[in-house]
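Given next are the chains, with one letter for each unit.
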Amino acid sequence: MPLLEIIDLTKDFGGVAANNHISLEIERGEIIGLIGPNGAGKTTLFNCIVGYHKPNQGAIRFKGKDITGLKPFQTNREGIGRTFQIMSISGDLTVLENVMVGSFCKTSDRRTARQEASEIMNLTGLEQDAEARLTELPVATQKRVGLAMALATKPELLMLDEVASGLNPRETEEMVALLKNIYVVKGLTLFLTEHVMEVVMPISQRIIVLDGGQKIAEGRPQDIANNERVIRAYLGEKYAKGRRDRGSI
């Protein structure tokens, strides 16, 4: 049984289909990348899964249970965590307090929440920033705080929305290394949407490509990088040629 199953999902806004009859499966323990041009429907699909949008058609099953139309707090209780490209974090709270907010999704005990938040901060390299305010920190550290908040909710499926957006090449490499470590240490299933190919290609075991609200390809990273339809729709010949020249496909 797949951990997550999307069946013929359609979501439209004013007659425009942002997601058009999308079906996919994610097995427990996989790392799946979701790519496509702006407006392809990636964020809409994420929002349908976690409950910010209700699909017009189709079904979403998590661990065999139909979660179609559940609210975000309900899908989180089922075991789905999600980061945001633009994070909803409070600059008035410290890093520790923000991560504790995530812990409070599963516990009402302040001492437990503090202990769990501290452990997550150690895992994500935030222990030195525990008392800092979010407004005092660079973008890369704020991204880690958003990731730590999602981890603190104890997800089985962690959905990552452009965690490398706004990062420089060194910070991007560090984020990839962090995600790989989290995958091993926590034993999570990862589902990430990303424009930065230096993130999605090295880490993903399988990649799904959307264009115009439809799934146009699915396969191993090397197969996706050579897929002519994906090259035309998104990657571009320059990207594909560069990988061929480096012998990385």
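Residues numbered from 1 in each chain as written. Predicted model: local features only at pLDDT ≥ 70, side-chain atom pairs only at ≥ 80, totals over all residues. Heavy atoms only, no water.

**Q** When you look at the confidence of the model for the chain in this model, what are you seeing that I'm missing?
**A** Keep in mind that low pLDDT regions are not for reading the predicted coordinates in detail. When pLDDT is averaged along the chain, the result is 91, and 92% of the positions lie at 70 or above. The low-confidence segment residues 244-249, where pLDDT is below 50, has 11 contacts with residues more than four positions distant or belonging to other chains. (pLDDT = per-residue confidence, 0-100. Contact = heavy atoms within 4.5 Å.)

**Q** Please explain the pairing of strand 3 (residues 31-35) as it appears in this structure.
**A** In the case of a regular strand, side chains alternate between the two sheet surfaces. For strand 3, the buried fraction is high: 5 of the 5 residues fall into the buried class. Burial of strand 3 is two-sided: the residues Ile31, Gly33 and Ile35 facing one way and the residues Ile32 and Leu34 facing the other way are all buried. One ladder, built from 4 bridges, connects strand 3 with strand 9 (residues 206-211); its direction is parallel. Across the sheet, Gly33 pairs through a bridge with Ile207, a residue of strand 9. (Buried < 20%, exposed > 50% of the residue type's maximum accessible area, 1.4 Å probe, protein only. Helix = DSSP H or I, 4+ residues; strand = E, 2+ residues; numbered from the N terminus. Pairing = 2+ DSSP bridges.)

**Q** Even after reading the chapter, I still don't get the environment of Glu218, so can you show me in this structure?
**A** Its location among the elements puts Glu218 in strand 10 (residues 214-219). Accessibility expressed as a relative area gives 36% for Glu218, which makes it partly exposed. Separated by 12 residues in sequence, Glu218 and Arg206 have C-alpha atoms that sit 7.1 Å apart.

**Q** Would you mind going over the sheet that holds strand 6 (residues 80-82) with me for this structure?
**A** Strand-to-strand pairing in sheets goes through backbone hydrogen bonds, with the strands running parallel or antiparallel. Taken together, 6 strands build an open sheet; the order of strands is 6-7-8-3-9-10 and the sheet is mixed. Each having just a single partner strand, strand 6 and strand 10 make up the two edges of the open sheet. Neighbour-to-neighbour, the strand axes of the sheet open up by a mean angle of 20 degrees, direction not taken into account. Of the pairings in the sheet, the one linking strand 9 to strand 10 comprises 5 bridges and is antiparallel in character. Each bridged residue has a counterpart across the sheet, and for Ile207 the counterpart in strand 10 is Gly219. (Axes fitted to C-alpha atoms, helices over the stretch in contact; angles between N-to-C directions.)

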